[in-house]
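Summary of the model geometry
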Amino acid sequence: MADKTGGAKGEELRIELLRTIFKFKKLANSGLGMKPIDGKQDISLAEFMLLRAVDGNSVDNPSNVSPTDIGQFLSVTKGAVSQMLNSLEEKGFISRALSRENRRNTLVLLTPKGRELLGDEENEFNAKLDALIETMGRKDIEGLIAIVERLTEVLGRSQFAE
């Protein structure tokens, strides 16, 4: 295959692309600055997002967020969602029950401890996101979102999936 990216300059670009991807991964894995909650609980950014997602779930709600919905939103596998649910359940932040409408579906509910954690941390987390948006600028954040969406779309094509 011919080098379509311009020889040495193409190699520099490939290396810089990979470095940037690893930097982005490091940012995501760092939880965007989330620290252990009051030094007592250590939850990941993904677990925090899961708690936010199921905040509106209730036994009486016909449109609860399911584990499948969570996996799609977080772009993770069923296994990863299951691990997060197990971790959060062990820490006492969620409980699981069978849905009344369809007993094959799992209903994920916040416990009082989970609701307290979410209430304590959500305002602080939103403030961090707002500060990031203000510092970077709305246009740059929207550009970042568009680029990541495009990259996800391109890499999802069959030519890259093999």
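All figures in this text were calculated on a predicted structure; none of them were measured in a lab.

This next bit is on the nonpolar core. Core analysis: the biggest nonpolar cluster contains 18 residues, and Ile43, Leu50, Leu51, Leu88 and Ile94 have the highest contact counts within it. Of all elements in the fold, only helix H2 (45-54), helix H4 (78-90), strand S2 (106-110) and helix H5 (112-136) reach the threshold of two or more residues within this core. Among residues more than four places away in sequence, those in contact with Leu88 are Ile43, Glu47, Leu50, Leu51, Phe93 and Ile94.

So, about the pairing of S2. Burial analysis of S2 places four of its five residues in the buried class, which makes it a mostly covered element. Of the strand pairs in this sheet, strand S1 (residues 94-98) and S2 are connected by five bridges, and their pairing is antiparallel. Directly across from Ile94, in S2, lies its bridge partner Leu110.

The subject of this paragraph is helix H3 (residues 67-74). All buried positions along H3 are accounted for by Pro67, Ile70 and Gly71. In an axial view of H3, the angular spread of the buried residues amounts to 100°, which keeps them on one side of the axis. Exposed residues lying more than 90 degrees from the buried face of H3 are Gln72 and Phe73. In this fold, the buried residues of H3 make contact with H2, H4 and S2.

Before going further, it helps to spend a moment on a nonpolar patch on the surface. A grouping of Leu17, Leu18, Ile21 and Phe22 is seen on the molecular surface, where their side chains present a nonpolar patch of about 410 Å² in accessible area. Secondary-structure assignment places Phe22 in helix H1 (residues 7-29).

Taken as a whole and judged by the stated rule, the model has one aromatic pair. Taking 4.9 Å as the distance between ring centres and 65° as the angle between the ring planes, the aromatic pair formed by Phe48 and Phe125 counts as edge-to-face. A residue pair is termed long-range when its members are at least 10 positions apart, and Phe48 in helix H2 and Phe125 in helix H5 qualify at 77 residues. The class for Phe125 is buried, based on a relative accessible area of 5%. Lys113 extends its terminal NZ or CZ atom over the ring of Phe93, reaching a point 5.2 Å from the ring centre.

With that settled, the discussion passes to the side chain of Glu47. Within the secondary structure, Glu47 is located in helix H2. At a separation of 2.9 Å, a polar atom in the side chain of Glu47 contacts the main-chain amide nitrogen of Ser44. Setting aside its immediate chain neighbours within four residues, Glu47 contacts Asp42, Met84, Ser87, Leu88 and Lys91.

Going through the model one piece at a time under the given rule, you end up with nine salt bridges. Taking the shortest distance from any N to any O, the salt bridge between Glu89 and Arg96 comes out at 2.8 Å. Look at Glu89 and you get partly exposed, because its relative accessible area is 33%. Given the relative accessible area of 30%, Arg96 is considered partly exposed.

Reading the values: the criteria
- Residues numbered from 1 in each chain as written.
- Predicted model: local features only at pLDDT ≥ 70, side-chain atom pairs only at ≥ 80, totals over all residues.
- Heavy atoms only, no water.
- Core = buried A, V, L, I, M, F, W, Y, C linked by side-chain atoms within 4.5 Å.
- Buried < 20%, exposed > 50% of the residue type's maximum accessible area, 1.4 Å probe, protein only.
- Helix = DSSP H or I, 4+ residues; strand = E, 2+ residues; numbered from the N terminus.
- Contact = heavy atoms within 4.5 Å.
- Pairing = 2+ DSSP bridges.
- Arc of directions from axis to C-beta.
- Patch = residues over 30% accessible without salt bridge, like charges linked within 9 Å, V, L, I, M, F, W, Y side chains within 5 Å.
- Areas by Shrake-Rupley, 256 points an atom, 1.4 Å probe, with all protein chains shown as cover.
- Salt bridge = Lys/Arg side-chain N within 4 Å of Asp/Glu carboxyl O.
- Phe/Tyr/Trp six-rings, centres within 6.5 Å; stacked < 30°, edge-to-face > 60°.
- Lys NZ or Arg CZ within 6 Å of the ring centre and 35° of its normal.
- Polar contact = N/O pair within 3.5 Å; in protein donor to acceptor, adjacent residues only side chain to side chain.

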